[in-house]
Amino acid sequence: MRIGNSHKKAQKFLYLLCLFVAFSLLRVGTIAVRAQIKYARGQNVAPAFEGWEQNPDGSYNFVFGYLNRNYEEEVDIPIGPNNNIEPGGDRGQPTHFYPRRQRFVFRLTVPKDWDKQQRIVWTLTSRGRTEQAKAWLQPEWELNDEVISENNGGGVLAAGNEPPSITGSPAQTITLPDTATLTVTAKDDGLPKPNPRRTTAAVNRDSNPDPEPPRRDPGVQIKWILYRGPGEVQFDPPASPYAYGQPITLTSKVRFSAAGTYVLRAIANDGQLSSTYNVTVTVNPVGR
């Protein structure tokens, strides 16, 4: 009789164990599937602290980027409670967020006597979620050009490479439906020398949500982005061809969907390092 009870208990234990294992495997599988889902729209934007730099005068730059979790949707978050930096509120952060991971987007400068334990906190609220990036002068988070090149997909920094220099049009004021005409010029030191980058094998692309960028031409390219603004913007053309060993100039006509103040950013990239140039355009409504 005791043997029979023991046998039944063992069967019950094995049954419960099998249920637990099956449930666990189902849960792990569900989590894995969720992790691989690529959302085109409807997701939030999370700020990211990239690290800090020390300037020649002893001051510091806190460097920020972001992750827009959408693969297609561009998200706008105006300056205010939903897009705020403390201390200060508006510290030059973007309000227009392009899809996926955007690194080293802006720098926030603090004085050389900044308390090494004091935090800078960037808060973004979108799609009902609030996320923060907290920055302070942790020694391990110090940035240099080598780190920036590696993280931006440029590989090992070419010896002596410096970011391109970039100059451009002054601030402008237009009235709708007029377009703005903006010109920027970039010069580079010829580094890195032409050396086509290896690309990630196609068989690995499905397993990597952010695969290595495709092979790029050598030299410097300039492209425009919307950094801040209340409406949509169209650049014609949005980017220059690549130029190696000579200055490159990009002249674009810019069309705006709504009145307001816009900050447009030109980015000159040599494949490893980049420089930016911001232009403010004030767009008046029709008939004003």
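Just so you know, these numbers come straight off a predicted model, no measurement behind them.

Draft legend 1. Expanded view of the pattern of salt bridges. Applying the stated rule across the entire model yields seven salt bridges. Arg-41 is the partner of Glu-73 in a salt bridge, and the nearest nitrogen-oxygen pair spans 3.9 Å. A residue pair is termed long-range when its members are at least 10 positions apart, and Glu-73 in the loop between β2 (60-68) and β3 (75-76) and Arg-41 in the loop between α1 (2-36) and β1 (45-54) qualify at 32 residues. Residues Glu-73 and Arg-127 are paired through a salt bridge, measuring 2.3 Å at the closest nitrogen-oxygen approach. One end of the pair, Glu-73, is in the loop between β2 and β3; the other, Arg-127, is in the loop between β7 (120-126) and β8 (129-135), with 54 residues separating them in the sequence. What you see here is one network of salt bridges that share partners, running through Arg-41, Glu-73 and Arg-127.

Draft legend 2. Structural view of the nonpolar core. Ranked by internal contacts, the top residues of the largest apolar core, which has 52 residues, are Phe-62, Phe-64, Trp-224, Phe-256 and Leu-264. The element contributing the most residues to this core is strand β15 (residues 260-269), with six residues. When neighbours within four sequence positions are excluded, Leu-264 is seen to be in contact with Leu-182, Trp-224, Ile-225, Leu-226, Val-233, Phe-235, Val-254, Phe-256, Tyr-277, Asn-278, Val-279 and Val-281. Membership of the second largest hydrophobic core comes to six residues, among which are Val-63, Leu-143, Ile-148 and Leu-157.

Draft legend 3. Representation of the packing of aromatic side chains within the structure. Tallying each qualifying case throughout the model produces 13 aromatic pairs. Ring centres of Tyr-66 and Phe-97 lie 4.8 Å apart, and the angle between their planes is 80°; on these two criteria the pair is classed as edge-to-face. A residue pair is termed long-range when its members are at least 10 positions apart, and Tyr-66 in strand β2 and Phe-97 in strand β5 (residues 96-97) qualify at 31 residues. We note that Tyr-66, like Phe-97, is buried. Seen from their ring centres, Phe-106 and Trp-122 are 5.1 Å apart, and the 90° between their planes marks the pair as edge-to-face. Of the two residues, Phe-106 is situated in strand β6 (residues 100-110) and Trp-122 in strand β7; the sequence distance between them amounts to 16 residues. As far as the burial class goes, Phe-106 and Trp-122 line up, both buried. Of the aromatic side chains, those joined through ring pairs into one cluster are Phe-49, Phe-62, Phe-64, Tyr-66, Phe-97, Phe-106, Trp-114, Trp-122, Trp-136 and Trp-141. One Lys or Arg, Arg-100, reaches over the ring of Tyr-71 and ends 4.0 Å from the middle of that ring.

Cut-off values and rules
- Residues numbered from 1 in each chain as written.
- Predicted model: local features only at pLDDT ≥ 70, side-chain atom pairs only at ≥ 80, totals over all residues.
- Heavy atoms only, no water.
- Salt bridge = Lys/Arg side-chain N within 4 Å of Asp/Glu carboxyl O.
- Helix = DSSP H or I, 4+ residues; strand = E, 2+ residues; numbered from the N terminus.
- Core = buried A, V, L, I, M, F, W, Y, C linked by side-chain atoms within 4.5 Å.
- Buried < 20%, exposed > 50% of the residue type's maximum accessible area, 1.4 Å probe, protein only.
- Contact = heavy atoms within 4.5 Å.
- Phe/Tyr/Trp six-rings, centres within 6.5 Å; stacked < 30°, edge-to-face > 60°.
- Lys NZ or Arg CZ within 6 Å of the ring centre and 35° of its normal.

The quantities given are spatial measurements derived from coordinates; they are silent on function.
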